[in-house]
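# Coordinate analysis (summary)
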There are 2 protein chains.
Amino acid sequence: MEQPIRVGLMGLGTVGSSVVQLLEANQEDLFHRSGKQIVVEKVLVKHPEKDRSIQVPSECLTDQSDEILKNERIDLVIEVMGGIEPARSYILEALKHGKHVITANKDLMALHGEEILSVATEKGCDVFYEASVAGGIPVLRALTEGLSSDRVTKIVGIVNGTTNYILSEMLNKEAPFEKALAQAQELGYAEADPTADVEGLDAARKVAILATLGFRTRVSLNEVFIRGIGSVTLEDVRFAMQLGYILKLVGIAQRDEDKVEASVQPVLLPEAHPLASVNGVFNAVYIYGEAVGETMFYGPGAGGMPTATAVVADLVTAIHNIGMGVSGQKVVRPYQETVLKSSKEVFSKHFLRLRVADHAGVMARLTGIFAEVGVSLEKVLQVPGGQDQEAEIVLVTHRTSQYQLEEVCHRMEELPVVHRLMSHYRVEGGED
Amino acid sequence: MEQPIRVGLMGLGTVGSSVVQLLEANQEDLFHRSGKQIVVEKVLVKHPEKDRSIQVPSECLTDQSDEILKNERIDLVIEVMGGIEPARSYILEALKHGKHVITANKDLMALHGEEILSVATEKGCDVFYEASVAGGIPVLRALTEGLSSDRVTKIVGIVNGTTNYILSEMLNKEAPFEKALAQAQELGYAEADPTADVEGLDAARKVAILATLGFRTRVSLNEVFIRGIGSVTLEDVRFAMQLGYILKLVGIAQRDEDKVEASVQPVLLPEAHPLASVNGVFNAVYIYGEAVGETMFYGPGAGGMPTATAVVADLVTAIHNIGMGVSGQKVVRPYQETVLKSSKEVFSKHFLRLRVADHAGVMARLTGIFAEVGVSLEKVLQVPGGQDQEAEIVLVTHRTSQYQLEEVCHRMEELPVVHRLMSHYRVEGGED
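Computed from a prediction, not measured in an experiment: that's the story for all the values here.

What counts and what doesn't
- Throughout, a residue's number is its position along its own chain's written sequence, starting from 1.
- Chains carry letters and ligands carry numbers; both start at the beginning, A for chains and 1 for ligands, and go up in the order they are written.
- The model is predicted, so local features are restricted to residues of pLDDT at least 70 and side-chain atom pairs to those at 80 or more, both for listing and for counting; the totals for chains, interfaces and linings are taken over all residues.
- Each side-chain value is derived from all of the structure's non-hydrogen atoms; neither hydrogens nor water enter the calculation.
- The buried label goes to any residue with under 20% of its type's maximum accessible area, the exposed label to any with over 50%, and the partly exposed label to all in between, with areas taken from a 1.4 Å probe on protein chains only.
- Each helix corresponds to a stretch of at least 4 residues labelled H or I by DSSP, and each strand to a stretch of at least 2 residues labelled E; elements are numbered beginning at the N terminus.
- Pairing between two strands requires that DSSP report at least two bridges joining them.
- Each domain's extent was defined by an automatic or database domain assignment.
- Note on contacts: a residue pair is in contact if any heavy atoms of the two residues lie within 4.5 Å.
- Note: buried area is the sum, over both parts, of the accessible area (probe 1.4 Å) each one loses when the two are combined.
- Salt bridges are defined by distance alone: a side-chain nitrogen of Lys or Arg within 4 Å of a carboxyl oxygen of Asp or Glu.
- UniProt positions are given in the numbering used here, feature names are shortened, and annotations may be inferred rather than shown by experiment.
- Two N or O atoms count as a polar contact when they lie within 3.5 Å, although within protein this holds only if one can serve as hydrogen donor and the other as acceptor, and sequence-adjacent residues are included solely when both atoms are side-chain atoms.
- Among the buried residues, those of types Ala, Val, Leu, Ile, Met, Phe, Trp, Tyr and Cys that are joined through side-chain atoms within 4.5 Å form a nonpolar core.
- Residues were grouped as follows: Ala, Val, Leu, Ile, Met, Phe, Trp, Tyr, Cys and Pro as nonpolar; Asp, Glu, Lys and Arg as charged; and all remaining residues, including Gly, as polar.

## Observations regarding the pairing of strand E11 (residues 282-289) of chain B
On a regular strand, each side chain points to the face opposite its neighbour's, so the side chains alternate between the two faces of the sheet. Residue and element names in this part refer to chain B. In terms of residue burial, E11 counts as a mostly covered element, since 6 of its 8 residues are buried. Where strand E7 (residues 152-158) lies against E11, 6 bridges are found, and the strand directions are antiparallel. Among the inter-strand pairings, Val 156 is bridged to a residue of E11, identified as Tyr 286. Strand direction decides the pairing type here: E11 and strand E12 (residues 293-300), joined by 8 bridges, are antiparallel.

What follows is the structure, given as structure tokens:
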């Protein structure tokens, strides 16, 4: 019988355990589809003696990385430990020993993707990382293969399930931010320290990966503008709704001509936008290509089993490549120079919410500022404010530059009749 | 300089012209991504002398298929003529001459896919047909690669833009069927003879392809139950809405254990279902996998440019394979035996709408029939009927077999108090 493919698995947490279970459950189908038997040869864990919910023969477990990295029987390493080190060193070491690598590690690929892919190319090895963005949604394949013929100009992604769950609860159940967060933690959707999710860092890593693959130009993590949802209030969500918008935390990557912008921020989406109805922990990535137009890819963004499907799908591809003797020949690397837009080149509509003194002439002062800065208004809504003699004003601008918006905000804050600039958000999609 | 890839294009209609334009517009990117220059060597047309909106050098145009099929300079044939013959003979001939084939032809792949793929395997050639289902959405790749690790158990697709446009107009603008159809024809969304779209045949071809790839078991066109939207009324759409459902024409492929069902029919989707908000000519395919759970792929299902992106993405893959010397090695063929479910094994909820005599005891008679057949009810709505002494009753059952439903309908029609069984639809998704 033909040689099986021997896999070294690094990490046996939620995703690692699910990989083992999926390989077991779909053994027969995977044999048909990959043409090879798949054997998990060794599993790297911190404590080999620990009791585990899944069945792994004890002789497979090890706490010594070299038993995988220097093991000549092992063809391929699956890294599902997470974090930068020692994952980075292990992967580089595996590649140096001619082992193919599959990883679910977004932190690592966002920060050290170029280094890892360059070593892989040099060594003729495959590195796949579908699982690193949007869990079970095969969106990296969509960008690199399904849409390889097109010029992608915009990617908008709900790529963090924790924050999407929180915002969905705020919208649908009128739960305030803190309550929705506590609920997410209780259900295991948010970690004890939710900072990386809530502040947008997790989403930013995915945006860097999506933009790099979508535009074929390297977008690194420090080029992604990041704003989280920590300051989003129930009132923002409600006012947005009143004007026909849904508030979502999204990653945006956009290019016009050859200049690129990338950000993570809470934005308002028109109710009819394909992303607006993506609720709870689900993820979705909206991709606009010049020829194809609007597309969207929707599914579970996290969780052991969904993420394992992406890992094992990559494994099937890697096994095909091994069988055909073409590993490392289709590594997708950037070929375009990255030029970032300045704030004068980033355009969108904006939503602003203000508390102002409620007397004659105030609206004239406000709209005067917009006129001076050259920003025109699409919608204006005025309601009584929180206190006596106070009004609340919500405005939506026409398309304007980030620079002009900042100028407007700055002038607003200096105006005595403006008690407080409560919030401002970018408005995505819809006609301009 | 390296040899370019020489392409023979068969057909220069909407899709063919867009392929030429896309190759031209994205020339530089395509060179980076495929590693080769792409040259359209010959284009088969009926009338080479005709004036055309796109620029193709006149020496490239030919009305002789052999100038492509027997042309030794040509590596690859793109077939975008449509129809069964002569497309089938041309493709088989191209394969016999060792040329790779890319086609957008759903009719052909649904009926003769097995024959074509088997000749391709024999000749070591690639055949790709991403464009044949759901235009610009890379859903065949999702099934064969992105979800290759999982056991897909259900596929529900809005895969016909014409009928989705008609149903969207009926829902959102209260347009009756005939008016919505006329509107679709005016906008070029429906053909002069809309039968294949309206009666569900077009969608059925796509379901056969999706089911075959998703389940890796051959589902042929004559195994797909087909019911179109010709008899859907505005009242059906409204009553469905009142109960929280959106009426859509979908293709359904489902398997339980190893038995398969495939159909095209108008169904009611709960408003929160990912497919429910897919409006107008857009397409979307919902895929459920045992490990990944719910995913959905959304985008333009037709149109020259979107379809061309799928054709050219296939071209890029084919060129990679040529470059690596691995053409024809990854042809996806069924490996499981097809066993169709009987009507006693096809389960779902159902919606029924009846006009009945409006007097005491009628409801008891009706619900008595459901009880006798063993069907339990989830929702009942009664409103005054169209005429005096008449009531309209809308019922939604719990999950029941197709067989039981047919029995209920049969008995209803024999009951004197039932004036008319107005309509019945399958209800998809939601809790059972």
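## A short note on the domain arrangement of chain A
Residues and elements named next belong to chain A. Here chain A is partitioned into domain 1 (5-135 + 304-324), domain 2 (146-300) and domain 3 (347-427). For domain 2 versus domain 3, the separation of C-alpha centres amounts to 25 Å. Contact with domain 2, which involves 20 residues of that partner, is made by 15 residues of domain 3. Summed over both sides, the interface between domain 2 and domain 3 buries roughly 1500 Å², with carbon and sulfur atoms accounting for 54% of that surface. For the domain 2 face of the interface with domain 3, the top three residues by lost area are Phe 239, Leu 243 and Leu 268, together amounting to 39%. Along the contact surface separating domain 2 from domain 3 lie 4 salt bridges.

## Describing the UniProt feature "active site" (unreviewed entry) in chain A
All names here are of chain A. In the numbering used here, UniProt assigns the feature "active site" (unreviewed entry) to Lys 206. Positionally, Lys 206 belongs in helix H10 (residues 201-215). When its relative accessible area of 7% is taken as the criterion, Lys 206 is described as buried. Ignoring anything within four residues of it in the chain, the contact list for Lys 206 reads Lys 106, Ser 132, Val 133 and Val 159.

## Here we look at the side chain of A:Lys341
Residue and element names in this part refer to chain A. Looking at the secondary structure, you find Lys 341 in the loop between strand E13 (339-340) and strand E14 (347-357). Taking the relative accessible area as the measure of exposure, Lys 341 reaches 13% and is therefore buried. Of note is the side chain of Lys 341, whose polar atom sits 2.7 Å from the side chain of Glu 261. Look past the residues within four positions of Lys 341 in its chain and what remains in contact with it is Gln 254, Asp 256, Lys 259, Val 260, Glu 261 and Val 346.

## Topic: the nonpolar core
With 194 residues, the main nonpolar core has A:Val139 and B:Val139 as its most contacted residues. When sequence neighbours within four positions are dropped, the list of residues in contact with B:Val139 reads B:Glu130, B:Val133, B:Ala134, B:Leu210, B:Val285, B:Ile287 and B:Phe297.

## Quick notes on the interface of chain B and chain A
At the interface, 44 residues of chain B touch 44 residues of chain A. Surface buried jointly by chain B and chain A totals about 4100 Å² across both partners, of which 57% is contributed by carbon and sulfur atoms. Summed over the three residues of chain B that lose the most area to chain A, namely B:Arg33, B:Ser149 and B:Tyr335, the buried surface amounts to 17% of that side. Put simply, chain B and chain A have 0 salt bridges between them. On inspection of chain B and its partner chain A, the count reaches 16 residue pairs in polar contact (both at pLDDT 80 or more). Going through the elements one at a time, helix H2 (27-34), helix H6 (139-146), E12 and helix H12 (304-324) of chain B are the ones with two or more residues in the side of chain B that touches chain A. Of the residues in the side of chain B that touches chain A, the class split is 21 nonpolar, 14 polar and 9 charged.

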